[in-house]
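Chain by chain, the residues:
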Amino acid sequence: QKEVEQNSGPLSVPEGAIASLNCTYSDRGSQSFFWYRQYSGKSPELIMFIYSNGDKEDGRFTAQLNKASQYVSLLIRDSQPSDSATYLCAVSSGTYKYIFGTGTRLKVLA
Amino acid sequence: DAGITQSPRHKVTETGTPVTLRCHQTENHRYMYWYRQDPGHGLRLIHYSYGVKDTDKGEVSDGYSVSRSKTEDFLLTLESATSSQTSVYFCAISPSQGQETQYFGPGTRLLVL
C-alpha cells in the first residue's frame with residue numbers, strides 16, 4: 001500500500017491558469033511536507049515545504065496543508081510553459097524517512 | 001545549488017559485475033541518502049547515513065551496500081549487478097533528519113545488460 005498518493009496525470013492547464021496538484025498521505029504522524037519539481041532527465045528541486053496546517057505562499061506557489069484530512073496541495077498561479085514538469089510530493093515523520101509520491105506530470109499549454 | 005556531485009553520471013555494465021557509485025558533498029551536511037527512481041515507483045530509499053561510519057537500510061536495500069568514511073563522501077556499491085538494478089540513482093543530503101528539506105545530486109543513470 002502506497003503511503004503517499006498522487007494522481008500521475010498529465011494535468012493540462014492553459015497558460016495563465018491556476019494549476020492545482022494534490023497529494024494524500026497515510027501516516028498521521030507525518031510532520032513535514034515537501035513539494036519538488038523535476039524536469040525530464042533532471043534531479044528533483046525543492047519548491048516548497050510546509051509544517052503547519054493552512055496555507056504557505058511563495059511567489060506564484062502556494063502550499064496548502066490539512067492534517068485532519070491528510071492531504072497537501074500545491075497551487076501554481078499564472079502557470080507558465082516553463083512550469084511543465086513532474087511535481088513530487090514528499091512526506092516526513094521527523095525521522096530519516098522521507099516518503100515520496102510517484103509524481104504528477106503537469107503540462108502548461110501555450 | 002547545494003554542492004553535491006555524483007560520479008559517474010552514466011554507466012553501462014554487465015550482469016554480475018561490481019559497481020560503485022560516488023556521492024560527494026561540500027555542504028558538511030550530516031545526513032546523506034541514496035535513492036533509486038524507476039517509472040511507476042517514484043523515489044525509493046536504498047540506504048542512508050547519519051554520520052561517518054553510521055549507515056542504515058532503506059526500503060529497497062537488498063543487493064546494495066554503502067560506506068561513509070568521510071563526511072563528504074557516500075559510496076553505493078552493487079556487489080553483483082543485476083538487470084533489475086537498471087535505474088537512475090540519486091544522492092541526497094540534509095542538515096538534519098526529517099525537519100528540513102533534502103537536496104539532490106544530478107543523478108547517475110545505470111544500465112545493467
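Only a predicted model underlies this, so the values are computations on that prediction, with no experimental measurement involved. Every chain begins its residue count from 1, and numbering advances along the sequence as written. Following the order in which they are written, the chains are lettered starting with A and the ligands numbered starting with 1. For a predicted model such as this one, the threshold for reporting local features is a pLDDT of at least 70, and the threshold for listing and counting side-chain atom pairs is 80 or more; totals across whole chains, interfaces and linings nevertheless cover every residue. Here the side-chain values reflect all heavy atoms present in the structure, with hydrogen atoms and water set aside.

**Quick look at the overall build of chain B**
Part 1 of the argument: Starting at the N terminus, helices and strands are each numbered in turn, a helix being any DSSP run of H or I of at least four residues and a strand any DSSP run of E of at least two. Within chain B, the secondary structure is distributed over 0 helices and 11 strands.
Part 2 of the argument: Listing every helix and strand of chain B by position from the N terminus yields β-β-β-β-β-β-β-β-β-β-β.
Part 3 of the argument: The globule rule used here is 2.2 Å times the number of residues to the 0.38 power, and the radius of gyration it is set against is calculated over C-alpha atoms. Computed over its C-alpha atoms, the radius of gyration of chain B comes to 13 Å, within 12% of the 13 Å expected for a compact globule of 113 residues.
Part 4 of the argument: Any residue under 20% of the maximum accessible area for its type is buried, any over 50% is exposed, and the rest in between are partly exposed; the area is computed with a 1.4 Å probe on protein chains only. Evaluated residue by residue, chain B yields a buried proportion of 50% over its 113 residues.
Part 5 of the argument: A total of about 5200 Å² of accessible surface is found on chain B, and carbon and sulfur atoms cover 47% of it. For accessible areas, the Shrake-Rupley method is used with a probe of radius 1.4 Å. Any residue's cover is judged against the shown protein chains and nothing else.

**Examining the state of the cysteines**
Residue and element names in this part refer to chain A.
Part 1 of the argument: Two cysteine sulfur atoms form a disulfide, by the criterion used here, when they sit within 2.5 Å. Scanning all chains against the criterion turns up 2 disulfides over all chains.
Part 2 of the argument: With a sulfur-sulfur separation of 2.1 Å, Cys23 is cross-linked through a disulfide to Cys89. On the S-S bond that ties Cys23 to Cys89, the torsion sits near -70°, and the link is left-handed. Residue Cys23 is found in strand β3 (residues 19-25), and its partner Cys89 is found in strand β9 (residues 85-92); the two are separated by 66 residues along the sequence. For the residue pair Cys23 and Cys89, the accessibility class agrees, reading buried in each case.

**What about the nonpolar core?**
It is characteristic of soluble globular proteins that their nonpolar side chains tend to be buried jointly.
Part 1 of the argument: Nonpolar cores were defined as sets of buried Ala, Val, Leu, Ile, Met, Phe, Trp, Tyr and Cys residues, with membership established by side-chain atoms within 4.5 Å. By size, the foremost hydrophobic cluster in this structure holds 24 residues, and its most contacted members are Trp35, Val72, Leu74, Ile76 and Tyr87 of chain A.
Part 2 of the argument: Counting residues per element, the ones that place at least two in this core are β3, β4 (32-38), β5 (45-50), β7 (61-66), β8 (71-76), β9 and β11 (104-109) of chain A.
Part 3 of the argument: What makes two residues a contact is simply this: any of their non-hydrogen atoms within 4.5 Å. The contacts of Val72 of chain A, once residues within four sequence positions are left out, are Leu21, Asn22, Cys23, Phe33, Trp35, Ile50, Gln64, Leu65 and Cys89 of chain A.
Part 4 of the argument: By size, the runner-up hydrophobic cluster in this structure holds 19 residues, among which are Ile4, Trp34, Ala81 and Leu110 of chain B.

**Describing the interface of chain B and chain A**
Part 1 of the argument: Contacts between the two partners involve 23 residues from chain B and, on the opposite side, 21 residues from chain A.
Part 2 of the argument: Defined here as a combined quantity, buried area equals the accessible surface (1.4 Å probe) lost by two parts on assembly, summed across both. Summed over both partners, the interface of chain B with chain A comes to about 1600 Å²; 53% of that surface belongs to carbon and sulfur atoms.
Part 3 of the argument: Between Lys or Arg on one side and Asp or Glu on the other, a salt bridge is scored when a side-chain nitrogen of the former is within 4 Å of a carboxyl oxygen of the latter. Inspection of the region where chain B meets chain A yields 0 salt bridges.
Part 4 of the argument: Pairs of N or O atoms are called polar contacts if they sit within 3.5 Å, as long as, within protein, a hydrogen donor faces a hydrogen acceptor (for residues adjacent in sequence, only side-chain-to-side-chain pairs). Applying the counting rule to chain B against chain A returns 3 residue pairs in polar contact (both at pLDDT 80 or more).
Part 5 of the argument: Taken together, the elements giving at least two residues each to the side of chain B that touches chain A come down to β4 (31-38), β5 (42-51) and β9 (87-94) of chain B.
Part 6 of the argument: For the side of chain B that touches chain A, the element with the most residues is β5 of chain B, which contributes 4 residues.
Part 7 of the argument: The classification used treats Ala, Val, Leu, Ile, Met, Phe, Trp, Tyr, Cys and Pro as nonpolar, Asp, Glu, Lys and Arg as charged, and all other residues, Gly among them, as polar. Residues belonging to the side of chain B that touches chain A are distributed by class as follows: 8 nonpolar, 12 polar and 3 charged.

**Regarding the confidence of the model for chain A**
Low pLDDT means the predicted coordinates in that region are not meant to be read closely.
Part 1 of the argument: Each residue carries a pLDDT score, the predictor's own confidence in it, on a scale running from 0 to 100. In this model, chain A carries an average pLDDT of 93, and 95% of its residues clear a pLDDT of 70 or more.
Part 2 of the argument: When the elements of chain A are averaged for pLDDT, strand β10 (residues 98-100) of chain A gives the smallest value, 89, and β8 of chain A the largest, 97.

**Here's the deal with the side chain of Ser43 of chain A**
Part 1 of the argument: Within the secondary structure layout, Ser43 of chain A lies in the loop between β4 and β5.
Part 2 of the argument: Of note is the side chain of Ser43 of chain A, whose polar atom sits 3.2 Å from the backbone oxygen of Gly105 of chain B.
Part 3 of the argument: Ignoring any residue separated from it by four or fewer positions in sequence, one finds Ser43 of chain A in contact with Arg37 and Gln38 of chain A together with Phe90, Phe104, Gly105 and Pro106 of chain B.

**A look at unusual backbone geometry**
Part 1 of the argument: Here the amide bond leading from Gly9 of chain A into Pro10 of chain A is cis, since omega sits at 10°, within 30 degrees of zero.
Part 2 of the argument: In this fold, Pro10 of chain A is placed in the loop between β1 (4-5) and β2 (11-14).
Part 3 of the argument: Cis peptide bonds are those with omega within 30 degrees of zero, and the linkage from Ser7 of chain B to Pro8 of chain B qualifies with -10°.
Part 4 of the argument: Mapped onto the elements, Pro8 of chain B comes out in the loop between β1 (4-7) and β2 (10-13).
Part 5 of the argument: In the Ramachandran plot, Gln70 of chain A falls in the positive-phi region, its phi being about 60° despite a non-glycine side chain.
Part 6 of the argument: Considering the arrangement of structural elements, one finds Gln70 of chain A in the loop between β7 and β8.
Part 7 of the argument: One non-glycine residue, Asn28 of chain B, lies in the positive phi region at around 60°.
Part 8 of the argument: Its place among the elements puts Asn28 of chain B in the loop between β3 (19-25) and β4.

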